[in-house]
Amino acid sequence: MHLCIFEDNFASNFLPLTYFRPVYDLRCGMFSLHQRTLGYLSPRQISLHTRQYLAAYLKEENPGLEVNQVSSDSCLFVNGRCVMTRQLAKAIRKTSSDTLFVSGGETVAAYLSSTNLDKVKSKFQEDILDLGFLDGLSKVEVEASLVRYPWDLIYANELTLLDDFLHVTKNRKLVTRKGKVHASAVLINKKNIHIGKKSIVNAGAVLDAEAGPIYVGNNVKIFPTAVIEGPCYI
């Protein structure tokens, strides 16, 4: 499957955060929006659509990926504002014919081939990609979250952190504590606390995962008497 993540006309709503990055490079939960989409869809080939002045930067940051072009004969387009979930990924992967996926009147994704794909390719030199001009596509209503403003990322962060924690740890099967935890540190609800390799939790620190999981990555240092309440990703 060839996947293209694109920016639409809501990109300006996220200024100044999006002056120097596309919307889908903003973070919600443990990952950026585009990392989450890639993680759930696992495409064989990837394209990124962005504003023209960001194209050279994206090519440098993502070597090997196509920027503002699609070389395949068919492609699944996903809105860069989408907070991808397992259920949504499953719904849009099933299609094999040209289809527009919408939620609340907004374009979430589109599977395009042949003439429809050629029409969209002709629009790649424009700063935004609006798939609403395509006619005759079958429409499928899906349940999806599309962020519209920066605060939407904040509102979605708590539930997304929980979803990410379960996804990364395979529903807690891969929760480990490989770092060094001082004997006087307090870990509450340990099944919801992951501590990565070479990380250090110093004396008197409290990691409280009763209200949500805590994921501490590799090479992290938590200072003495720090108090961390989940959900949290470090």
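Structure: above.
Calculation criteria
- Residues numbered from 1 in each chain as written.
- Predicted model: local features only at pLDDT ≥ 70, side-chain atom pairs only at ≥ 80, totals over all residues.
- Heavy atoms only, no water.
- Pairing = 2+ DSSP bridges.
- Helix = DSSP H or I, 4+ residues; strand = E, 2+ residues; numbered from the N terminus.
- Salt bridge = Lys/Arg side-chain N within 4 Å of Asp/Glu carboxyl O.
- Buried < 20%, exposed > 50% of the residue type's maximum accessible area, 1.4 Å probe, protein only.
- Arc of directions from axis to C-beta.
- Contact = heavy atoms within 4.5 Å.
- Core = buried A, V, L, I, M, F, W, Y, C linked by side-chain atoms within 4.5 Å.
- Disulfide = S-S within 2.5 Å.
- Axes fitted to C-alpha atoms, helices over the stretch in contact; angles between N-to-C directions.
- Left-handed = near helix turned anticlockwise from the far one by under 90°.
- Nonpolar A, V, L, I, M, F, W, Y, C, P; charged D, E, K, R; others polar.

Chemist: I'd love a proper account of the sheet that holds strand β13 (residues 200–201), names of residues and values included.
Modeler: Strand order in the open sheet formed by three strands is β10-β13-β16, and the pairing between neighbours is parallel. Each edge of the open sheet carries a strand with a single partner, namely β10 (180–181) and β16 (221–222). Pairing of β13 with β16, which is carried by two bridges, proceeds in the parallel orientation. Bridged to Val-201 within β16 is Ile-222.

Chemist: Could you give an account of the pattern of salt bridges, with specific residues and numbers?
Modeler: For the structure on display, the rule yields five salt bridges. Linking Glu-7 and Arg-51 is a salt bridge whose minimum nitrogen-to-oxygen distance equals 3.0 Å. In this pair, Glu-7 is assigned in the loop between β1 (2–6) and β2 (27–28) and Arg-51 in the loop between β4 (45–48) and α2 (55–61), connecting sequence segments 44 residues apart. Each of the two residues, Glu-7 as well as Arg-51, counts as buried. The closest approach of N and O atoms between Arg-81 and Asp-8, which form a salt bridge, is 2.9 Å. With Arg-81 in the loop between β6 (74–79) and α3 (86–93) and Asp-8 in the loop between β1 and β2, this pair connects stretches of sequence that are 73 residues apart. Residue classification places Asp-8 among the buried residues on the basis of a relative accessible area of 10%. Taken together, the shared-partner salt bridges connect Asp-8, Arg-81, Glu-106 and Arg-148 into one network.

Chemist: Explain helix α4 (residues 114–121) residue by residue, including any values.
Modeler: Along α4, the positions that sit buried rather than exposed are Asn-116, Leu-117 and Val-120. The buried residues of α4 occupy an angular sector of 95° when the element is viewed end-on, so they sit on one face. The elements touched by buried residues of α4 are β6 and β8 (106–113).

Chemist: Provide a residue-level description of the nonpolar core, including the pertinent values.
Modeler: Counting residues in each nonpolar core, the largest one holds 33 residues, and the members touching the most others are Leu-33, Leu-41, Leu-76, Val-78, Met-84 and Ile-92. Mapped by element, the contributors of at least two residues to this core are β1, α1 (33–41), β4, α2, β6, α3, β8 and α5 (150–168). With residues near it in sequence (within four places) discarded, Leu-41 still touches Met-1, Leu-3, Leu-76, Val-78, Met-84, Ala-89, Ile-92 and Arg-93. Formed by 16 residues, the second largest nonpolar core is a distinct cluster that contains Cys-75, Val-102, Leu-112 and Leu-134.

Chemist: With reference to specific residues and values, describe the state of the cysteines.
Modeler: Going through the model one piece at a time under the given rule, you end up with zero disulfides. Of the cysteine sulfurs around Cys-75, a residue in no disulfide, the closest is that of Cys-4, at 5.2 Å. Looking at Cys-82, it has no disulfide partner, and the nearest cysteine sulfur is the one in Cys-28, 11 Å off.

Chemist: Break down the sheet that holds strand β14 (residues 206–208) for me, with residues and values.
Modeler: Strand order in this open sheet of three strands is β11-β14-β17, and the pairing throughout is parallel. Edge positions in the open sheet fall to β11 (186–188) and β17 (227–229), since each of these has one partner strand only. Within this sheet the neighbouring strands show an average axis-to-axis angle of 5°, counted without direction. As defined by bridge partners, β14 adjoins β17 across three bridges and the pair is classed as parallel. Bridge pairing links Asp-208 to Glu-229 in β17.

Chemist: Account for the packing of α1 against α5, with residues named and values stated.
Modeler: Between α1 and α5, the least distance of the axes is 13 Å, while the angle of their chain directions is 35°. For the pair α1 and α5, the sense of crossing is left-handed. Taken together, the residues of α5 that come into contact with α1 (itself represented by Leu-33, Arg-36 and Tyr-40) are Leu-153, Thr-160, Asp-163, Asp-164 and His-167. Broken down by class, the residue content of the contact of α1 with α5 amounts to three nonpolar, two polar and three charged.

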